[in-house]
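# Residue-level structural notes
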Amino acid sequence: MNHIPLSNIKAILLDLDDTLYAYKPCHQAGYEACKVLASEKYNISKSDFEAAWKAGREKIHHDLNGQGASHSRLLYGQKASEVLFGKSNPQFALDMEETYWSVFLETMEFKPGVEAFLQEAKDKGIKMCIVTDLTAQIQMKKWLKLDLGRYIDFLVSSEEAGIEKPGNYMFELTMEKLGVKPEECIMIGDSEEKDIKGAEAIGIKAYKV
Ligand SMILES: [Mg+2]
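Residues numbered from 1 in each chain as written. Predicted model: local features only at pLDDT ≥ 70, side-chain atom pairs only at ≥ 80, totals over all residues. Heavy atoms only, no water.

## So, the domain arrangement of the protein
Note the cut-off: Bear in mind that the domain bounds are from an automatic or database domain assignment. Any two residues whose heavy atoms approach within 4.5 Å at even a single point are treated as in contact. Buried area counts how much accessible surface, traced with a 1.4 Å probe, disappears from two parts once they are put together, with both parts' losses summed. Salt bridge, as used here: a side-chain nitrogen of Lys or Arg that lies within 4 Å of a carboxyl oxygen of Asp or Glu.
Parsing the protein into structural domains produces domain 1 (11-21 + 110-208) and domain 2 (24-107). Using C-alpha coordinates to define each centre, domain 1 is positioned 27 Å away from domain 2. Counting from both sides, the interface comprises 13 residues of domain 1 and, opposite them, 13 residues of domain 2. Interface of domain 1 and domain 2: buried area, both sides summed, is about 950 Å²; carbon and sulfur atoms make up 67% of it. Applying the counting criterion to the domain 1 and domain 2 interface returns zero salt bridges.

Next comes the structure, spelled out in structure tokens:
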């Protein structure tokens, strides 16, 4: 991220997941903790859990395609419970959501160099906004875990915008909050499809990390 030029810009739009921190180790830790809980509390084998979780995730992705809630671990857990028990089990869904995200958050840390970059941008007086797909509550918890308020001014989640990246409104809502025009800001993200093409579609220069 440190190679990105910061001259002549007023604002930076930043993806969160897999841009400011590495997603995979957090996900793996959270998912493993769910498997352990499913085994210990609900007597479900790891393979049965994996199959049910995968079926639940695929169904929710399909039904809620393009919405922030398509990533909801609570809904994955509900669907998984329906596969495993033949009926909805809200306690199971809530247990899995709580365990997944609490272990995920414990594992989260900045990627190397990110904090130095954010500090440099802040020192230059550049405004920053997180532009992120997923539900608002968990993205706010991630914000608090990384203490992003030290550097970053605003948050836009796809739940709030009602559409996911690369949808134009994610970027338009961000610029509205920041009070900037496309040519005055840059986008930084890890996804070519969502972050780079989404930003470029409305004239924002974008950098893939
Ligand atoms: Mg990302």
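## Side note on the pattern of salt bridges
Let me state the cut-off plainly: Here a strand is any run of E in DSSP of at least two residues, a helix any run of H or I of at least four, and the numbering for each starts at the N terminus. Under the scheme applied here, a residue whose accessible area is under 20% of the maximum for its type counts as buried, over 50% as exposed, and between as partly exposed, the area being computed with a 1.4 Å probe on protein chains only.
Under the definition given, this model contains 15 salt bridges. In this structure, the salt-bridge partner of Asp15 is Lys165, at a minimum N-O distance of 2.8 Å. Here Lys165 lies in the loop between helix 7 (158-161) and helix 8 (168-178) and Asp15 lies in the loop between strand 1 (11-14) and helix 1 (23-42), a separation of 150 residues in the sequence. One exposure class covers both Asp15 and Lys165, and it is buried. For the salt bridge of Lys197 with Glu193, the shortest nitrogen-to-oxygen distance reads 3.0 Å. One end of the pair is Lys197 and the other is Glu193, both in helix 9 (residues 192-200) and four residues apart, which spans about a single turn. Look at Lys197 and you get partly exposed, because its relative accessible area is 42%. Linked through salt bridges whose partners overlap, the residues forming this network are Asp15, Lys165 and Asp195.

## Quick word on the nonpolar core
As a reminder of what qualifies: In these notes, a set of buried Ala, Val, Leu, Ile, Met, Phe, Trp, Tyr and Cys residues joined through side-chain atoms within 4.5 Å is what counts as a nonpolar core.
Of all hydrophobic cores here, the largest spans 48 residues; its most connected members are Ile12 and Ile152. Taken domain by domain, the makeup of this core includes at least three residues from each of domain 1 (11-21 + 110-208) and domain 2 (24-107). Excluding residues within four positions of it along the chain, Ile152 makes contact with Leu14, Leu20, Leu118, Met128, Cys129, Ile130 and Trp143. Counting residues in hydrophobic clusters, the runner-up holds 19 residues, among them Leu178, Val180, Ile196 and Ile204.

## A few points about the packing of helix 2 (residues 46-63) against helix 3 (residues 73-85)
In plain terms, the rule: Between the N-to-C directions of two axes lies an angle of 0 to 180 degrees, each axis being a line fitted to C-alpha atoms and, for a helix, fitted only over the stretch in contact. Each angle gets one of four labels, with under 35 degrees taken as roughly parallel, over 145 as roughly antiparallel, 65 to 115 as roughly perpendicular, and the rest as oblique. For a crossing to be left-handed, the near helix must be turned anticlockwise from the far one by less than a right angle; the clockwise case is right-handed.
Between helix 2 and helix 3, the least distance of the axes is 7 Å, while the angle of their chain directions is 125 degrees. With respect to helix 3, the element helix 2 is oriented oblique. Considering the relative orientation of helix 2 and helix 3, their crossing is right-handed. In this structure, helix 2 uses Asp48, Ala52, Trp53, Ala55, Gly56, Arg57, Lys59, Ile60 and His61 to contact helix 3, whose residues at the interface are Arg73, Leu75, Tyr76, Gly77, Lys79, Ala80, Val83 and Leu84.

## What to know about the packing of helix 1 against helix 2
Basically, it comes down to this: Gly is placed with the polar residues, together with every amino acid not listed as nonpolar (Ala, Val, Leu, Ile, Met, Phe, Trp, Tyr, Cys and Pro) or charged (Asp, Glu, Lys and Arg).
The interhelical angle for the contact between helix 1 and helix 2, taken along N-to-C directions, is 120 degrees, at an axis separation of 9 Å. In terms of orientation, helix 1 lies oblique with respect to helix 2. Considering only the axes of helix 1 and helix 2, their crossing is right-handed. Every residue of helix 2 that contacts helix 1 at Tyr31, Glu32, Cys34, Lys35, Val36 and Ala38 is listed here: Lys46, Phe49, Glu50 and Trp53. A class-by-class count of the residues in the contact of helix 1 with helix 2 yields six nonpolar, no polar and four charged.

## Section: the state of the cysteines
As used in these notes, a disulfide is a covalent bond between sulfur atoms, one from each of two cysteines. Inclusion rule: Criterion for a disulfide: a pair of cysteine sulfur atoms within 2.5 Å.
The final tally for this structure, using the stated rule, is zero disulfides. No disulfide involves Cys129; its sulfur sits 10.0 Å from that of Cys185, the nearest cysteine. For Cys129, a relative accessible area of 0% puts it in the buried group. Cys185 sits in the buried class, given a relative accessible area of 2%.

## Some details on the sheet that holds strand 5 (residues 205-208)
The test is simple: At least two bridges found by DSSP between two strands is the condition for calling them paired.
Ordered by their spatial adjacency, five strands build an open sheet running 3-2-1-4-5, and the pairing between neighbours is parallel. Strands with a single pairing partner mark the edges of an open sheet, and in this sheet they are strand 3 (154-157) and strand 5. Strand-to-strand twist in this sheet, taken as the mean axis angle between neighbours without regard to direction, amounts to 20 degrees. Each of strand 1, strand 2 (127-132), strand 3 and strand 4 (185-189) touches helix 8; the most contacted strand, strand 3, lies at about 160 degrees to it.

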